[in-house]
Amino acid sequence: VGCGYLQKGGVDYAETYTATSKAIAVRIFLNIIMMLSMKTRKFDVLKAFTRSNIDVEMYVSQPEGKNCPGLPCKSKDKQGRYYVALLHKALEGLKQAGYLFQSLNTETLKKLGFKQTESHPTTFILHTSEGIVMHDVWVDDFATGYTSDKMLIQFVKGYSAAEGMALKDEGELTQYAGIQIAWP
């Protein structure tokens, strides 16, 4: 976990804003699912914040108790400097981690054919002759409504193949964004 509280704006990060669904948008999304008699699933993106490329040059010291091959923890080089690692991917706890994941997630969904709604940046829709798949994204959770099992399976395979982003299927959508859901 990164120590975001030690980061300095403009030096260690440029952007931190991460859009989240507003309560009214979640309610509209759930009503559309109900009106279209869609099936539902909830997905969690595993280790979501560690999938994104870091947007600045950032170094971290080795974690306490962690020995990397040839680099004992807290050891110094010949000039007396501590060994550090250059980050290539974001870490949980960095101020920009949510923003970086949201950017990667949006890019990935668009590559899979989803359209981002203009009215709400965390809602995505894929509509084909085979059916509809809709997602609302809350940080790293997906509320999903779908009409085609085949399309849902294609989404899960395609998403998981992209950037190594594994999805955990948490079953039917019964709770989302703090809302308990009881389907009729």
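The coordinates are above.
A brief report on the enclosed structure follows. (Residues numbered from 1 in each chain as written. Predicted model: local features only at pLDDT ≥ 70, side-chain atom pairs only at ≥ 80, totals over all residues. Heavy atoms only, no water.)

**Section: the sheet that holds strand β6 (residues 131-138)**
In step 1: Within the open sheet, the six strands sit side by side as β4-β5-β6-β7-β1-β8. Their pairing is antiparallel. A strand with exactly one partner marks an edge of an open sheet, and here the two such strands are β4 (115-116) and β8 (167-169).
In step 2: As judged from the six bridges shared by β6 and strand β7 (residues 141-146), these two strands associate in the antiparallel manner. Opposite valine 133, over in β7, you have tyrosine 146 as the bridge partner.
In step 3: Where helix α1 (residues 23-35) meets the sheet, it contacts β1 (39-45), β5 (123-128), β6 and β7, and its direction lies at approximately 155° from that of β6. (Pairing = 2+ DSSP bridges. Helix = DSSP H or I, 4+ residues; strand = E, 2+ residues; numbered from the N terminus. Contact = heavy atoms within 4.5 Å. Axes fitted to C-alpha atoms, helices over the stretch in contact; angles between N-to-C directions.)

**What to know about α1**
In step 1: Spanning 13 residues, α1 covers 18 Å between terminal C-alpha atoms, matching the ideal 18 Å at 1.5 Å per step.
In step 2: Buried within α1 are the following residues: Ala25, Val26, Phe29, Leu30 and Ile33. Projection of α1 onto a plane perpendicular to its axis shows the buried side chains occupying an angular sector of 135°, all on one side. Seen from the buried face of α1, the exposed residues on the opposite side, beyond 90 degrees, are Ile24 and Met35.
In step 3: Contact partners of the buried residues in α1: β1, β5, β6, β7, β9 (175-176) and β10 (179-180).
In step 4: Looking one or two residues beyond α1, the residue adopting positive phi is serine 37, at roughly 50°. (Expected span 1.5 Å × (residues − 1). Buried < 20%, exposed > 50% of the residue type's maximum accessible area, 1.4 Å probe, protein only. Arc of directions from axis to C-beta.)

**Quick notes on a nonpolar patch on the surface**
In step 1: Side chains of Ile24, Ile28, Ile32, Met35 and Leu36 sit close together on the surface and give an oily, nonpolar patch of about 490 Å² of accessible area.
In step 2: Assignment of secondary structure puts methionine 35 in helix α1.
In step 3: Judged by relative accessible area, methionine 35 falls into the exposed class, the value being 66%. (Patch = residues over 30% accessible without salt bridge, like charges linked within 9 Å, V, L, I, M, F, W, Y side chains within 5 Å. Areas by Shrake-Rupley, 256 points an atom, 1.4 Å probe, with all protein chains shown as cover. Salt bridge = Lys/Arg side-chain N within 4 Å of Asp/Glu carboxyl O.)

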